[in-house]
Amino acid sequence: MKKIAFLFPGQGSQTVGMGYDLFQEYDFVRELFAAADDIAGGPISQYCFKGPMETLTETVNLQPAVTAVNLACLEAIGRAGITCGFSAGHSLGEYSALASAKIVSTTDTLRLVFKRGELMHRESLKHTGAMSAIIGLDIQAVEALVAAGRNTGVVSVANHNAEQQIVVTGAPEAVAAVSQTAKSQGAKAIPLKVSGAWHSDLIKGAEDEFIEYLNTVSFNSPENSVIHNVTADCCEDGKAIQRLMAMQLCSPVRWYDSIRRLVSEKVEVFVEVGPGRVLTGLLKKIVSPDYNHKVFSVSNMETLDTLISELS
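Residues numbered from 1 in each chain as written. Predicted model: local features only at pLDDT ≥ 70, side-chain atom pairs only at ≥ 80, totals over all residues. Heavy atoms only, no water.

(A) Main features of the packing of aromatic side chains. Within the structure shown, the criterion is met by six aromatic pairs. Ring geometry for Phe23 against Phe49: centres 4.8 Å apart, planes inclined by 50°, an arrangement best described as tilted. Remark: Phe49 occurs in helix H3 (residues 44-50) and Phe23 occurs in helix H1 (residues 20-25); sequence separation between them is 26 residues. A relative accessible area of 22% means that Phe23 is categorised as partly exposed. Taking relative accessible area as the criterion, Phe49 reaches 10% and is therefore assigned buried. By way of ring pairs, the aromatic residues Tyr20, Phe23, Phe33 and Phe49 are connected into one cluster. (Phe/Tyr/Trp six-rings, centres within 6.5 Å; stacked < 30°, edge-to-face > 60°. Helix = DSSP H or I, 4+ residues; strand = E, 2+ residues; numbered from the N terminus. Buried < 20%, exposed > 50% of the residue type's maximum accessible area, 1.4 Å probe, protein only.)

(B) Representation of the packing of helix H2 (residues 27-40) against helix H7 (residues 106-126). Between H2 and H7, the least distance of the axes is 10 Å, while the angle of their chain directions is 40°. On the basis of the axis angle, H2 is oblique to H7. As H2 runs across H7, the sense of the crossing is right-handed. Together, Leu32, Ala35, Ala36, Ile39 and Ala40 of H2 and Thr106, Thr107, Leu110, Arg111 and Phe114 of H7 make up the contact between the two elements. Taken together, the residues of the contact of H2 with H7 break down into seven nonpolar, two polar and one charged. (Axes fitted to C-alpha atoms, helices over the stretch in contact; angles between N-to-C directions. Parallel < 35°, antiparallel > 145°, perpendicular 65-115°, else oblique. Left-handed = near helix turned anticlockwise from the far one by under 90°. Contact = heavy atoms within 4.5 Å. Nonpolar A, V, L, I, M, F, W, Y, C, P; charged D, E, K, R; others polar.)

(C) How the structure looks around the environment of Ser309. The residue Ser309 is located in helix H14 (residues 301-311) in this model. With a relative accessible area of 57%, Ser309 lands in the exposed category. Polar contacts involving the side chain of Ser309 include one to the main-chain carbonyl oxygen of Thr306, which spans 2.9 Å. (Polar contact = N/O pair within 3.5 Å; in protein donor to acceptor, adjacent residues only side chain to side chain.)

(D) Summary view of the pairing of strand E2 (residues 86-89). Along E2, one buried face is formed by Phe86 and Ala88 and the opposite face, lined by Ser87 and Gly89, is buried too. As paired strands, strand E1 (residues 4-8) and E2 are joined by four bridges and run parallel to one another. Residue pairing across strands places Phe8 opposite Gly89, the latter belonging to E2. Across two bridges, E2 lies against strand E7 (residues 225-226) in parallel orientation. If you follow Phe86 over to E7, its bridge partner there is Ser225. (Pairing = 2+ DSSP bridges.)

(E) Just the side chain of Asn61, in detail. By the element assignment, Asn61 lies in helix H5 (residues 59-79). Polar contacts involving the side chain of Asn61 include one to the main-chain carbonyl oxygen of Thr55, which spans 2.9 Å. The contact partners of Asn61, leaving out residues within four places of it in the chain, are Ile44, Tyr47, Thr55 and Leu56.

Interpretation in functional terms is not warranted from these geometric data alone.
Listed below in structure tokens is the structure:
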């Protein structure tokens, strides 16, 4: 039996129309979107299917929207008899990984991401933030730039996405200063279209309230191994996982280390479960072409059928 890992995307993977053909095909997907609409108190399903993109991309809508599509794809894969031994999710996507491992129920997953989106949106209105992708420097070099950049304002590493693709986050002037220095060292610095400084101390005001909300949800021991963003490692204890999710809000996403961990576990099949192909692109940067593995991306009926025909 091949070792399979499910990878769940987060913010930045959205497209208008995502999930629609699954919604048309399956009653259980219609029920899932109805639950997302109910929990969010708004037409999340319509933002997914019809947009407009500007409304879909608002954090408070986007977090339940992407999660609903992730969970719809996950359920369709599961009903085809395909299961995973490992799962991981990029930032927001980690909540879908929790659902995949039955750590948190589907309903609680949607509740958590809606609350998370609400709180992050609130903090982004209080503190203007920026994010920038630094391409061409390793993590040690970027961490050194960030340490120097703190003279200008709040700045930190948000995501270590690939060996030399690292996102920095924080106050606009501090992010600009780090970006400028990175360019002077021969790297590229690409400003990201975001509404807040995610994974930075500028949203720390959301932390206590989110911890209180996490405490209203039951966290179970995982049924498959989740590689967590904060540690790039597994955890077997539900309460400890709950604490990791509280930390995740303002901590760096260790995606590069997480994928390397999956490779060390001899995972042979990687399946991106949800909209877009962002994580598939990162896999190509991280996993050596000499390493024997297959990569699939499941976001609609066509790609689901491809996966089923290959793995069933």
